[in-house]
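# Overview (structure and organization)
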Amino acid sequence: MIERFGTWEGFLGLVAIGFVAYSVAVVPEFATDFNISQAIAGMSERGLIVLPMVLLIIAREIDLSVASTLALASVVFGVAVQAGLPIGAAVAAAVATGAVAGAFNGVLVTVLGLPSLVVTLGTMAMFRGIGYVILGPRSVNVFPDSFTDFGIDNVGSAPIPWTFVPFLVLLPLFVIVLGHTALGRRIYVIGGNPEAARYSGVRVDRIRFGLFVVSGIVAAIAGIVYAARLANSRADNALGMELDIIIIALLGGVSVFGGRGKLIGVFFAMIIIAVLRNVLGLYQISGDAQGTSTGLLLIAALLLNSTVQRIYAKYRIVPKRIQSAGPRSGGQAVTSNEAPNTRM
């Protein structure tokens, strides 16, 4: 029983289920289709961006420029539509912008050897500044009806907005890559011990570069979703969203030191934060107070997680495989100081 549920992901799952059940039973208007749809829609962009962010953090990197990449991609998309390009061409231009932004970050980190925290802190300001150069303080808010319908409509009669569908499509792909492929195992090994990974033949810099490119592409897709949901393209879109992404990842159990984390925990963390923000909104609590509550939730979760891990370690409750960094073929795990025996 402990082996199955004595994990942070299991605990988050129980909290998420309990929080949703409490909100349905107690909070007025929470269980309406409209409110559920709005709560899910509000997580559309965050859900997308957190997927590559998890892989980066596991690999001991971080991308603080994701919200600025989102804004820049939405600006490029809006300007392209305003210039008369078809929606498909505008989407391609936005995605290409995200790929270039991610590649720029990747080159600075993997080729020049600069720390990703400093690099992406700089490009966070730079990418948003480029958006202001292109569009200035103006906005683009005239789009084809088919695009705005995508931003506001639900999937059939279900309270699931179309803007959440890209996340639902990419989530299984990232789960498979991280948990069931050689690439996923290499990402865990890089985060656990980068030098051991290099000596074992893992192409560390190539993988890290690829993760930054993927982060830029997914952030650009999130920028298109954001523009559709709000029918607006501006250089100041998604201000501060990068902090929400990091909070979701860390609350989901991804180790800030790399080498450990699972997307299932991140998914439960998304549910908890979405419900928390929605409930606070229903009680007319402002956005600043919501941010404060989310920050306090993260701090409390980290303290609880640390305390539980110390208790487990002291009394040897959790088997070694539960404390491992990530899955390996054959059901075993790669610990943070273990190098693989074969060349990857």
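Cut-off values and rules
- Residues numbered from 1 in each chain as written.
- Predicted model: local features only at pLDDT ≥ 70, side-chain atom pairs only at ≥ 80, totals over all residues.
- Heavy atoms only, no water.
- Helix = DSSP H or I, 4+ residues; strand = E, 2+ residues; numbered from the N terminus.
- Buried < 20%, exposed > 50% of the residue type's maximum accessible area, 1.4 Å probe, protein only.
- Contact = heavy atoms within 4.5 Å.
- Areas by Shrake-Rupley, 256 points an atom, 1.4 Å probe, with all protein chains shown as cover.
- Core = buried A, V, L, I, M, F, W, Y, C linked by side-chain atoms within 4.5 Å.
- Axes fitted to C-alpha atoms, helices over the stretch in contact; angles between N-to-C directions.
- Parallel < 35°, antiparallel > 145°, perpendicular 65-115°, else oblique.
- Nonpolar A, V, L, I, M, F, W, Y, C, P; charged D, E, K, R; others polar.
- Left-handed = near helix turned anticlockwise from the far one by under 90°.
- Expected span 1.5 Å × (residues − 1).
- Bend = angle between axes of the 7 residues up to and from the residue.
- Salt bridge = Lys/Arg side-chain N within 4 Å of Asp/Glu carboxyl O.
- Phe/Tyr/Trp six-rings, centres within 6.5 Å; stacked < 30°, edge-to-face > 60°.

A tally of helices and strands in the protein chain yields 15 helices and zero strands. Across the 344 residues that make up the protein chain, the buried fraction comes to 48%. Restricting to contacts in the protein chain with at least 6 residues of sequence separation, those with at least 24 account for 77%. A total accessible area of about 16,000 Å² is found for the protein chain, and carbon and sulfur atoms account for 65% of it.

Here we take up the nonpolar core. Nonpolar side chains in soluble globular proteins generally cluster together in the buried interior. Core analysis: the largest hydrophobic core is formed by 62 residues, its most contacted members being V50, V54, M241 and I248. When sequence neighbours within four positions are dropped, the list of residues in contact with V50 reads I245, I248, A249, V266 and M270. Counting 16 residues, the second largest nonpolar core, distinct from the first, contains A73, V140, A228 and A235.

Once that is clear, we can look at the packing of helix 8 (residues 145–152) against helix 12 (residues 204–230). Remark: helix 8 packs on helix 12, axes separated minimally by 7 Å, with the N-to-C direction vectors making an angle of 90 degrees. One way to sum up the angle between helix 8 and helix 12 is to call them roughly perpendicular. Contacts between helix 8 and helix 12 pair F147, T148, F150 and G151 from the former with I224, A227, A228 and R229 from the latter. For the contact of helix 8 with helix 12, a count of residues per class yields five nonpolar, two polar and one charged.

It is the contact of helix 6 (residues 87–110) with helix 12, at a shortest axis distance of 7 Å, that shows an interaxial angle of 150 degrees. Considered as vectors, helix 6 and helix 12 are oriented roughly antiparallel to each other. In this structure, the crossing between helix 6 and helix 12 has a hand that is right-handed. Residues V91, A94, V95, G98, A99, G102, A103, N105, G106, V107, V109 and T110 of helix 6 touch helix 12, and the partners they reach there are D205, R208, F209, F212, V213, G216, I217, A220, I221 and I224. Looking at the contact of helix 6 with helix 12 residue by residue, the class counts come to 14 nonpolar, six polar and two charged.

This part covers helix 4 (residues 44–58). Residues three or four positions apart in an α-helix share a direction because the helix packs 3.6 residues into each turn. Along its 15 residues, helix 4 runs 22 Å from first to last C-alpha, staying within 8% of the 21 Å computed at 1.5 Å per residue. The axis of helix 4 is deflected most strongly, by about 30 degrees, at V50, and proline P52 appears within four residues downstream. In terms of burial, helix 4 is a largely internal element, 15 of the 15 residues being buried. Residue R60 follows helix 4 closely and has a positive phi angle near 65 degrees.

The subject of this paragraph is the pattern of salt bridges. If the charged atoms of two oppositely charged side chains come close together, the side chains can form a pair. Applying the stated rule across the entire model yields seven salt bridges. Notably, a salt bridge pairs R208 with E61, separated by 3.2 Å at the nearest N-O pair. Note that R208 is positioned in helix 12 and E61 in the loop between helix 4 and helix 5 (66–82), a separation of 147 residues in sequence. Side by side, R208 and E61 carry an identical accessibility label, which is buried. Where D244 meets R277, a salt bridge forms, and the shortest distance between an N and an O atom there is 3.3 Å. One end of the pair, D244, is in helix 13 (residues 241–251); the other, R277, is in helix 14 (residues 263–282), with 33 residues separating them in the sequence. The exposure class of D244 is buried, given its relative accessible area of 14%. Put simply, R46, D244 and R277 are held in one network by salt bridges that share partners.

Below, the discussion takes up the packing of aromatic side chains. Throughout the structure, instances matching the rule amount to seven aromatic pairs. Aromatic side chains W8 and F11 sit 5.2 Å apart centroid to centroid with 35 degrees between the ring planes, which places their arrangement in the tilted category. Linking W8 with F11, this pair stays in helix 2 (residues 8–26), spanning three residues, or about one helical turn. What makes W8 buried here is its relative accessible area of 9%. Here F11 falls in the partly exposed class, since its relative accessible area comes to 34%. Aromatic pair F77 and F143: ring centres 5.9 Å apart, planes at 25 degrees, arrangement stacked. Residue F77 is found in helix 5, and its partner F143 is found in the loop between helix 7 (116–135) and helix 8; the two are separated by 66 residues along the sequence. Here F77 matches F143 in class, with each residue buried. In this structure an aromatic cluster arises from ring pairing among F164, F167, F267 and F268.

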